[in-house]
Amino acid sequence: MSRKVLLIEDEPNIAEAIRFLLTREGWQVETHAEGLDALRVIQSADPDLVILDVMLPGKSGMEILRDLRELEDLKTLPVLMLTARGQLRDREMAENAGVSRFMTKPFSNAEVLTAVRDLHAQATRS
Amino acid sequence: MATLNVLILVCLGYVVLLFGVAFAADRLAAAGRGAWLRSPLFYTLSLSIYCTAWTFYGAVGNAARSGLEFVTIYLGPTLVMISWWWGLRKLVRVGRSQRVTSIADLISSRYGKSNTLAICVTVLAVLGGTPYIALQLQSITLSFSIFAEADPTGLYREGSSVFWVAAGLAVFAILFGTRNLDANERHHGVVTAIALESVVKLFALLAVGIFVVWGVAGGLGPMLDQIDSSEIGQWNVDAGRWTTFVFLSAACFVCLPRMFQVMVVENSDEAHLRTAAWAFPLYLLLMSLFVVPIAVVGLDLLPEGSNPDLFVLTVPLSQGNEWLAMLSFIGGFSSATSMVIVTAMALSTMVSNHVVMPIWLSTQGGAGSVSGDVRHVVLMARRISIAVVMALGFFYYRLSGGGAALASIGFIAFAGISQILPALVGGLFWRGATRTGALVGLTVGFVLWIYTLLLPEMGGGFMSGTIIQNGPFGLEWLRPQALFGIEDMDPIVHSVMWSLSLNTVAFCVASLLSFPSPLERLQGAQFVNVFDHSVAPRGWSGFVAQSEDLMIMTQRILGAGPAQDFFQAESERQGGRSSLPEPTPAFLERLERELSGSVGAATAHAMIGQIVGGSSVSVEDLLAVADESAQLLEYSSQLETKSAELTRTARQLRDANTKLTQISEQKDNFLGQVSHELRTPMTSIRAFSEIMRDTDGLSPEEQTRYAAIIHDEALRLTRLLDDLLDLSVLESGRVNLNMGGDTLRSVLDRAVSSALAGSSSGIEVRRSKSAERIPLHTDLDRLGQVFINLISNAQKYCDADEPVLTISAHDVGGQVVVDFADNGSGIPPEARSMVFEKFARVSGEKAGGAGLGLAICREIMQRLGGEITYLPGQGGPAFRVRVPLAYRQAAQ
């Protein structure tokens, strides 16, 4: 059974690195690099997990997350959020918006893999 | 030897004579025929009430004890009369214009009609006056006892005589002091009787003197020899005591209730002061003429231990001249009775007006003032007050036992009364003096006088010896006769120095610190400026003077021109007989209407009323009140300004706070941006380096590609750091400009080749090189940096299929203008103002730079004295750079 991750990240190099890592783990990786359309893309792609950058052109990752959690069928979708701003305030905002896991760039590859595995395990158990 | 009974008969006869004179004078005055009673001579003679039994008997005693010091009590009033007659004139004018009934009334009236002050002065006057009355009683009894010793068969009994003397004097004072209730409190009968008594006492003293010089000493020459050989003749002056006593007697000449009574209240014409100014000192001179001879002869003739206070009596008696002794007795009796009667009258007026009446009225609840029996109540209050004052004097005499020397009791009383002086003089000459000041000053002086003089001098019953020796509670610096450690001073000098100086200081300080009420201000102005606006009572020049006043007032309100025109017209309307119109009712009505246009109807009415009605409030006072309300208005408008200023300051503070908050937010934002821009390349670098480290079996292509990514991101990081440092240097203004000269063309040549070097994407750059031959003098590298930035931006962001950048240049008014326009899609208007901000990125823009380039360009252009702006209306993104042809320091 195939596991699908949707990666929303506007930095092509970072997106490429994550795609490389998760593909080797057996994930099907789809990418999107823009904020305005992100929610629609999530809905149509119907992923098992979303990796969401905060600073996106068009619409911030925070707003996307908030809108996403408003939708009934996406309430429990695991969302791993990545940010390069690294301020405490951002973490609080993300948690209030209903993030599943929050990580600050730069991260280690092992961290990302662990987080993705954990989130997926939680989602399948419940 | 004249018998005592004869003496008593003579006394009674003398009193009956006084009754007769007083009665006749009152009748004459009532019938309006006693004009001669109001002559300056009578006024001067009535002033001689100053010379009491203390002066009559005590001066000789004083001379016998302390030599020439007795002169001081004559010197004080003489100095006042001669050198301060203008001050007295002011006092008299104020007293008359304010219809003052006593010194307490005057002080109260000056300080806003304060009854508290009136009570203070009354209490002070009673306390100061009581020992003085006792002194008179003592002198009368002492003199009686001289005759009694010589005639044991007489009716005289020591104990009861004082009582009968006091009672008799009270009856006289009641009969003549309270016969009627005159509006201006004048008592013609009493004044006439006093004048007679003045003549009697002067005559008696002169008679004794002449007898002593020519009858005893044997003529003028031997007398002078005898004086020279006596101790009294020694010129032995204690400067402190002399100054103090001269000052005290001068102060009391003005402040003593009885002096105020005869000088101010009983004064019928201010002009009398002119005569009194020389006649009264003359009277004093005559009174003092034979003091020394009598003292010298007395000391010589009479046995050791005789009371020198009675030399005036005992010297003639010892020579067997009983009729002269009797005359002398009558003289002393005159001095004592006139003083006691007038003092009792003056004090009773104060007590009844300021103590009894207010209490009575408050118990009546206002009913009494309409029922018409007030007059009766006032008279009763006065009569009782006289009796009380006399009784106080009598009890004081019994309590003190008549022990102290006459002169020293006199000075104690003087020192007490003189405490009124600061408030009196301040009230007459200083508008700033306030009620609080007067109250505080009086209280301080009064308390110090009691503590340092009255209590210690009254003896053991009132203050224990240990307090005098060691101070209260063992506090040495509070010893009553050595206050603050000033020792070995004469007790009177010591007390006067402290009480009067601290009184004056307290009066001034409290006045300066307190604010007077409007009534106080008004009264203060009336007192201080009494000559400016009260019409002298003698010069009733009638209507013309009033018209002049009206004219002056009108000028102040309407201005000189209109006022003169108005008065001219009115005068012509009345027939033009004089230059000023008569103040007829019709004229006054028109004037009032005229003035009410400027100052309002009520004020106009009041002002005219003041002048025509001759009432006590003057125009100047009204103007002063107006001035003060204007000042108040000004003050309140100042307050408004202040409050507006405060509002403004508060707003500025709020703005500053908002700005600070904004700056703080901007800083947070900036740090967040910097963090983002640093972490993003680092994320890629870390991720790919871990991939390369941890992944086995990467293809060589993959390895090359990932290494290239790491390299590019490292470069990006370096660029970002360079830009940040560059921007921070530029923003701090600590940038060093490296000036050089070249043409615009070569600067652009270098910039284009540098921007396009190693770039794969081809953007066509269009230039007109002929227009670029403009010589420049500026920092060429920095200007080149700006150009490179603009060219690379166009290269990076131009989204046209065939990207073209057009660079055009021309010089305008000492500036070079270079435009950079490409054919990509333009920047939306709402983003245009943002493009020069740090980390600004036009939405949807491809990544590549950190977003600091245009911010750096803007900073550089500012340093170079030029500017960089977005140039709208070019179809695509366009920027305009302006730079001065030659860099000038001033441009910074």
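Presented here is an overview of the structure given in this document. All of these numbers come straight from a predicted model, not from anything done at the bench.

Rules of the game
- Chains are numbered independently. Their residues run from 1 in the order of the written sequence.
- Labels follow written order: the first chain is A, the first ligand is 1, and so on.
- This being a predicted model, a pLDDT of at least 70 is required before a residue's local features are given, and a value of 80 or more before pairs of side-chain atoms are given or counted; all residues contribute to the totals for chains, interfaces and linings.
- Side-chain calculation: all heavy atoms of the structure are included, whereas hydrogens and water are not.
- Numbered from the N terminus, helices here are DSSP runs of H or I no shorter than four residues, and strands are runs of E no shorter than two.
- In what follows, residue pairs with any heavy atoms lying within 4.5 Å of each other are defined as contacts.
- For the area figures, the Shrake-Rupley method with a 1.4 Å probe applies, and any residue is considered shielded solely by the protein chains shown.
- When DSSP finds two or more bridges between two strands, those strands count as paired.
- Fitted lines through C-alpha atoms give the axes, limited to the stretch in contact for helices. The angle between two N-to-C directions lies from 0 to 180 degrees.
- How far a helix is expected to stretch is found by multiplying one less than its residue total by 1.5 Å.
- Partly exposed describes any residue whose relative accessible area lies between the buried limit of under 20% and the exposed limit of over 50%, with all areas from a 1.4 Å probe on protein chains only and scaled to the type maximum.
- Buried area: the accessible surface (1.4 Å probe) lost by two parts on joining, summed over both.
- By convention in these notes, a salt bridge is any Lys or Arg side-chain nitrogen within 4 Å of a carboxyl oxygen on Asp or Glu.
- The nonpolar class holds Ala, Val, Leu, Ile, Met, Phe, Trp, Tyr, Cys and Pro. Asp, Glu, Lys and Arg form the charged class, and all remaining residues, Gly among them, are polar.
- Seen with its strands pointing away from the viewer, a crossover is right-handed when the path leading from the first strand over the helix to the second is clockwise.
- Here a Phe, Tyr or Trp ring, Trp counted by its six-membered ring, pairs with any other such ring whose centre lies within 6.5 Å, and the pair is stacked when the planes are under 30 degrees apart, edge-to-face when over 60, and tilted otherwise.
- Each patch is built from salt-bridge-free residues with over 30% relative accessible area, joining like charges within 9 Å and nonpolar side chains (Val, Leu, Ile, Met, Phe, Trp, Tyr) within 5 Å.
- Identification of polar contacts relies on pairs of N or O atoms within 3.5 Å, with a donor-acceptor requirement for protein atoms, meaning one able to donate a hydrogen and the other able to accept it, and with residues adjacent in sequence counted only if both atoms are side-chain atoms.

1. Describing the overall build of chain A
- Looking only at helices and strands, chain A has 5 helices and 5 strands in total.
- Going from N to C terminus, chain A has its helices and strands arranged as β-α-β-α-β-α-β-α-β-α.
- Taking the intrachain contacts of chain A between residues at least 6 apart in sequence as the baseline, contacts between residues at least 24 apart amount to 60%.
- Surface exposure of chain A reaches about 5,800 Å², of which carbon and sulfur atoms provide 47%.

2. Digging into the sheet that holds strand β1 (residues 3-8) of chain A
All names here are of chain A.
- An order of β2-β1-β3-β4-β5 is seen for the 5 strands of this open sheet, with the pairing classed as parallel. Each edge of the open sheet is held by one strand with a lone partner, namely β2 (27-32) and β5 (101-104). Pairs of neighbouring strands in the sheet enclose a mean axial angle of 20°, with direction left out of account.
- Contacts between helix α3 (residues 61-70) and the sheet are confined to β3 (49-53), β4 (79-83) and β5, with β4 contributing the most and set at about 165° to the helix.

3. With respect to helix α31 (residues 700-732) of chain B
All names here are of chain B.
- The terminal C-alpha atoms of α31, which comprises 33 residues, lie 48 Å apart, in line with the 48 Å expected from a rise of 1.5 Å per residue.
- The set of residues buried in α31 consists of Tyr 706, Ile 709, Ile 710, Glu 713, Arg 716, Leu 717, Leu 720, Leu 724, Asp 726, Leu 727 and Leu 730.
- Of the residues trailing α31, Gly 733 is marked for its positive phi of about 80°.

4. Quick notes on the interface of chain B and chain A
- Tallying the contact residues gives 26 residues for chain B and 20 residues for chain A.
- Buried surface at the junction of chain B and chain A, both sides included, amounts to about 2,100 Å², of which 55% is carbon and sulfur.
- Taken as a group, His676(B), Arg679(B) and Thr683(B) account for 25% of the area that chain B buries against chain A, more than any other trio of residues on that side.
- Across the chain B-chain A interface, the total number found is 2 salt bridges.
- Those elements giving two or more residues to the side of chain B that touches chain A turn out to be α30 (619-694) and α31 of chain B.
- If one sorts the elements of the side of chain B that touches chain A by residue count, α30(B) sits on top with 16 residues.
- Across the side of chain B that touches chain A, the residue classes tally to 8 nonpolar, 10 polar and 8 charged.

5. A closer look at the pairing of β1(A)
Residues and elements named next belong to chain A.
- Of all 6 residues making up β1, 5 are buried, and the element is well covered by its neighbours.
- Sheet analysis places β1 next to β2, joined by 6 bridges and oriented parallel. For Ile 8, the partnering residue across the bridge sits in β2 and is His 32.
- This β-α-β element, β1 to helix α1 (residues 12-24) to β2, shows right-handed connectivity.

6. Describing the packing of aromatic side chains
- Scanning all chains against the criterion turns up 18 aromatic pairs over all chains.
- Ring geometry for Phe446(B) versus Trp449(B): centroids 6.1 Å apart, planes at 25°, classification stacked. In this pair, Phe446(B) and Trp449(B) are both assigned in helix α21 (residues 435-458), 3 residues apart and thus about one turn of the helix distant.
- Following the ring pairs from residue to residue traces out a cluster consisting of Phe20(A), Phe688(B) and Tyr706(B).

7. With respect to a nonpolar patch on the surface
Residue and element names in this part refer to chain B.
- Among the surface-exposed residues, Ile 210, Trp 214, Leu 220 and Leu 224 lie close enough to one another that they form a single nonpolar patch of about 420 Å² accessible area.
- At the level of secondary structure, the elements contributing two or more residues to the nonpolar patch comprise α9 (188-216) and α10 (220-229).
- Relative to the assigned elements, Leu 224 resides in helix α10.

8. Things to note about the side chain of Asp726(B)
Residues and elements named next belong to chain B.
- Its place among the elements puts Asp 726 in helix α31.
- A distance of 2.9 Å separates polar atoms of two side chains, one belonging to Asp 726 and the other to Arg 782.
- Beyond its immediate sequence surroundings of up to four residues, Asp 726 is in contact with Arg 782, Gln 785 and Ile 856.

9. Focus: helix α6 (residues 103-110) of chain B
- Burial of α6(B) is extensive: 8 of the 8 residues sit out of reach of the surface.
- Regarding α6(B), the residues found buried are Ile103(B), Ala104(B), Asp105(B), Leu106(B), Ile107(B), Ser108(B), Ser109(B) and Arg110(B).

10. Section: the environment of Ile774(B)
All names here are of chain B.
- Its location among the elements puts Ile 774 in the loop between β2 (764-767) and β3 (775-779).
- Exposure remark for Ile 774: the relative accessible area of 6% places this residue in the buried category.
- Taking the C-alpha atoms as reference, Ile 774 lies 5.4 Å from Leu 744; in sequence the two are 30 residues apart.
- When residues no more than four places from it in sequence are discounted, the contact partners of Ile 774 are Asp 742, Thr 743, Leu 744, His 810, Asp 811, Val 816 and Leu 885.

11. Points about unusual backbone geometry
Residues and elements named next belong to chain A.
- Note that the residue after Lys 105, namely Pro 106, is joined by a cis bond; omega there is -5°.
- Inspection of the secondary structure assignment puts Pro 106 in the loop between β5 and α5 (109-125).
- Positive phi values are uncommon outside glycine, yet Asp 46 reaches one of about 45°.
- Tracing the backbone shows Asp 46 in the loop between α2 (38-45) and β3.
- Given a relative accessible area of 59%, Asp 46 falls into the exposed group.

12. Topic: the sheet that holds strand β4 (residues 804-812) of chain B
Residues and elements named next belong to chain B.
- If you walk across this open sheet you meet the 5 strands as β2-β4-β5-β7-β6, and the pairing is mixed. Edge positions in the sheet fall to β2 and β6 (867-870), since each has one partner strand and no second. Neighbouring strand axes in the sheet, compared pairwise and without regard to direction, differ in orientation by 20° on average.
- Where β4 and strand β5 (residues 815-822) come together, 8 bridges link them in antiparallel fashion. By the bridge assignment, His 810 is partnered in β5 with Val 817.

The analysis is restricted to geometry; functional conclusions fall outside its scope.
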